[in-house]
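Chain by chain, the residues:
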Number of protein chains: 2
Amino acid sequence: MTAPAAPRKRGRPGHDQDAVLTAAVRLFNERGYDATSMFDIAESLGITKSSVYHHISGKEQLLQMAMDRALDGLFEAAGEVRALDLPAIDRLERLIRRSVLVLAERFEFVTVLLRVRGNTVVEQHALARRREFDTLVTDLVKQAQAEGGVRPDVDPATAARLLLGMVNSLTEWYRPRTGGADAIADAVATIAFEGLRR
Amino acid sequence: MTAPAAPRKRGRPGHDQDAVLTAAVRLFNERGYDATSMFDIAESLGITKSSVYHHISGKEQLLQMAMDRALDGLFEAAGEVRALDLPAIDRLERLIRRSVLVLAERFEFVTVLLRVRGNTVVEQHALARRREFDTLVTDLVKQAQAEGGVRPDVDPATAARLLLGMVNSLTEWYRPRTGGADAIADAVATIAFEGLRR
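Rules of the game
Residues numbered from 1 in each chain as written. Chains lettered and ligands numbered in written order. Predicted model: local features only at pLDDT ≥ 70, side-chain atom pairs only at ≥ 80, totals over all residues. Heavy atoms only, no water. Axes fitted to C-alpha atoms, helices over the stretch in contact; angles between N-to-C directions. Helix = DSSP H or I, 4+ residues; strand = E, 2+ residues; numbered from the N terminus. Parallel < 35°, antiparallel > 145°, perpendicular 65-115°, else oblique. Left-handed = near helix turned anticlockwise from the far one by under 90°. Contact = heavy atoms within 4.5 Å. Nonpolar A, V, L, I, M, F, W, Y, C, P; charged D, E, K, R; others polar. UniProt positions renumbered as here; feature names shortened; annotations may be inferred. Domains from an automatic or database assignment. Buried area = accessible area lost by both parts, 1.4 Å probe. Salt bridge = Lys/Arg side-chain N within 4 Å of Asp/Glu carboxyl O. Polar contact = N/O pair within 3.5 Å; in protein donor to acceptor, adjacent residues only side chain to side chain. Least-squares fit on C-alpha atoms with pLDDT ≥ 70 in both. Buried < 20%, exposed > 50% of the residue type's maximum accessible area, 1.4 Å probe, protein only.

As recorded in an unreviewed UniProt entry, chain A goes by TetR family transcriptional regulator and comes from Paractinoplanes rishiriensis.

Draft legend 1. Quick peek at the packing of helix 5 (residues 59-82) of chain A against helix 6 (residues 88-105) of chain A. Residues and elements named next belong to chain A. Packing of helix 5 against helix 6 leaves a shortest axis separation of 9 Å and a crossing angle of 155°. Here helix 5 lies roughly antiparallel to helix 6, going by the angle between them. Relative to helix 6, the crossing made by helix 5 is right-handed. Residue-level inspection shows Ala70, Gly73, Leu74, Ala77, Ala78, Glu80, Val81 and Arg82 of helix 5 in contact with helix 6, the latter providing Arg91, Arg94, Leu95, Arg98, Ser99 and Val102. Here the contact of helix 5 with helix 6 is built from residues that sort into 7 nonpolar, 2 polar and 5 charged.

Draft legend 2. Spatial organisation of the packing of helix 9 (residues 156-168) of chain B against helix 11 (residues 181-194) of chain B. Residue and element names in this part refer to chain B. At a minimum axis separation of 11 Å, helix 9 and helix 11 run at an interaxial angle of 160°. The angle between helix 9 and helix 11 falls in the class roughly antiparallel. Relative to helix 11, the crossing made by helix 9 is right-handed. Of the residues in helix 11, those touching helix 9 at Leu163, Met166 and Val167 are Val188, Ile191 and Ala192. In terms of residue class, the contact of helix 9 with helix 11 is made up of 6 nonpolar, no polar and no charged.

Draft legend 3. Highlighting the UniProt feature "DNA-binding region" (unreviewed entry) in chain A. Per the UniProt annotation, the sites labelled "DNA-binding region" (unreviewed entry) are residues 37-56 of chain A. Between the end C-alpha atoms of residues 37-56 of chain A there is a gap of 13 Å, over a span that is 75% helix and 0% strand.

Draft legend 4. Expanded view of the domain arrangement of chain A. All names here are of chain A. The domains assigned to chain A are domain 1 (12-56) and domain 2 (65-194). Taken over C-alpha atoms, the centre of domain 1 sits 28 Å from the centre of domain 2. Taken together, the 8 residues of domain 1 in the interface contact 8 residues of domain 2. Of the roughly 770 Å² buried at the junction of domain 1 and domain 2 (both faces included), carbon and sulfur atoms supply 59%. Three residues stand out in domain 1 for area buried against domain 2, namely Leu21, Val25 and Asn29, and they jointly supply 62% of the buried area on that side. In this assembly, domain 1 and domain 2 are joined by 2 salt bridges. The partner of aspartate 18 in a salt bridge is arginine 69, and the shortest N-O contact between them spans 3.1 Å. The interface formed by domain 1 and domain 2 includes 3 residue pairs in polar contact (both at pLDDT 80 or more). In terms of residue class, the side of domain 1 that touches domain 2 is made up of 4 nonpolar, 2 polar and 2 charged.

Draft legend 5. Molecular detail of the side chain of A:Glu93. As for its position among the elements, A:Glu93 is in helix 6. At 2.5 Å, the side chain of A:Glu93 forms a polar contact with the side chain of B:Arg197. In this view, A:Glu93 contacts A:Ala189, A:Phe193 and B:Arg197; residues no more than four positions away in its chain are not counted.

Draft legend 6. Fine view of the relation of the copies chain B and chain A. In screw terms, the move from chain B to chain A is a rotation of 180° and a rise of 0.0 Å along the axis, fitting with an RMSD of 0.0 Å. The transformation just described matches what one would write down for a two-fold rotation axis. It is B:Gly195 whose C-alpha, among those of chain B, lies nearest the rotation axis, at 1.9 Å.

Draft legend 7. Examining the interface of chain B and chain A more closely. Listed per partner, the contact involves 35 residues of chain B and 35 residues of chain A. Across the interface of chain B and chain A, roughly 3,400 Å² is buried in total on both sides, 61% from carbon and sulfur atoms. Three residues stand out in chain B for area buried against chain A, namely B:Leu162, B:Leu196 and B:Arg197, and they jointly supply 24% of the buried area on that side. Residues A:Arg197 and B:Glu93 are paired through a salt bridge, measuring 2.5 Å at the closest nitrogen-oxygen approach. Along the contact surface separating chain B from chain A lie 20 residue pairs in polar contact (both at pLDDT 80 or more). Listing elements by their share of the side of chain B that touches chain A, those giving two or more residues are helix 6 (88-105), helix 9, helix 10 (170-173) and helix 11 of chain B. For the side of chain B that touches chain A, the per-class residue count stands at 17 nonpolar, 7 polar and 11 charged.

Draft legend 8. Looking closely at the environment of A:Gly58. All names here are of chain A. With respect to the helices and strands, the residue glycine 58 is situated in the loop between helix 4 (49-55) and helix 5. In this structure, the C-alpha to C-alpha distance between glycine 58 and tyrosine 33, residues 25 residues apart in sequence, is 12 Å. If near-sequence neighbours (up to four positions away) are discounted, glycine 58 is found in contact with Met38 and Tyr53.

Draft legend 9. Inspection of the pattern of salt bridges at higher detail. Taken as a whole and assessed by the stated rule, the structure comprises 30 salt bridges over all chains. When the shortest N-O distance is used, the salt bridge between B:Arg98 and B:Glu80 registers 2.9 Å. Residue B:Arg98 is found in helix 6, and its partner B:Glu80 is found in helix 5 (residues 59-82); the two are separated by 18 residues along the sequence. According to the relative accessible area criterion, B:Arg98 is partly exposed, its value standing at 24%. Overlapping salt bridges bring together A:Asp90, A:Glu93, A:Arg97, A:Asp186, A:Glu194 and B:Arg197 as one network.

In structure tokens:
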């Protein structure tokens, strides 16, 4: 299964684009998007600005790629869960667990996504996809309620926002280097679905 | 109980300082703290910059006042709850409910607080008070666990972060003009303590 390495090394646009994206996202999260220049990104990689422009059209493309990386992960999780032949309450629980894992795996990308306020068309598009994901979770709560799996006394939209609020809070306190995402996904699912009270 | 109004009107430093703070906090949340100048704050009130400096030493004092308004609300809630003669699980639930109400009542101030990243001494001091509040919630979870009121299979620090993550998510989606904070406090308490699953 080990392919010859040499032919892959020439160019490697995918690899180089990825390196630029990783460096950019780190700077966006450290300094903020507005305070980061293409020069800063090039400098942090030890390459020239024109080398960066060889792979990327500009800062906005990097922002879009970062947000897509986060959103694609969430929508892939939703797609996988949708395909399961399970009651809605169990699909909802799996989606919430998977969202925690997506956030942990794509931590820097999700952090970029959650800080965006909709100042540009690219940001507005990402916010629209976030709302689409929220709606998808809300619909799953509604369906679970209709099936009798979720208690009837909670508003589905509020429940969805609070579930995702719990998940998204990881950007504030989770440390990817420390890990433990599985245990956190368990804790989120236990609290949200079974409750803290014994 | 109606005191004569005239003597209060002269000067009213408390009132004027409050107006400056309200205007500043609105701009901090709209444009960001760094992008807001003392001139912007004066302009939004239709007064001169020197009138603003008559009440306030500078932008950093406004930031500190805003964060204190948020933190004081949370610590007052913690103080009230501490005084109650109830099992820890019930004090914890009340503190979480009260935190939702503090966030709704002091929405703009809490929003300022939660966006702060610790770039200055004033911000670091506020972050330290936030951590103190987190620890207080963690200790309450531990105590409730020791009393058998909280399930033993959740880590207290993780539980505290997730509870506060749910509460703090309101800054992303709650609309103070629409209201409904009591119903949201109920939803948070129901999900966190009883769980969504029927």
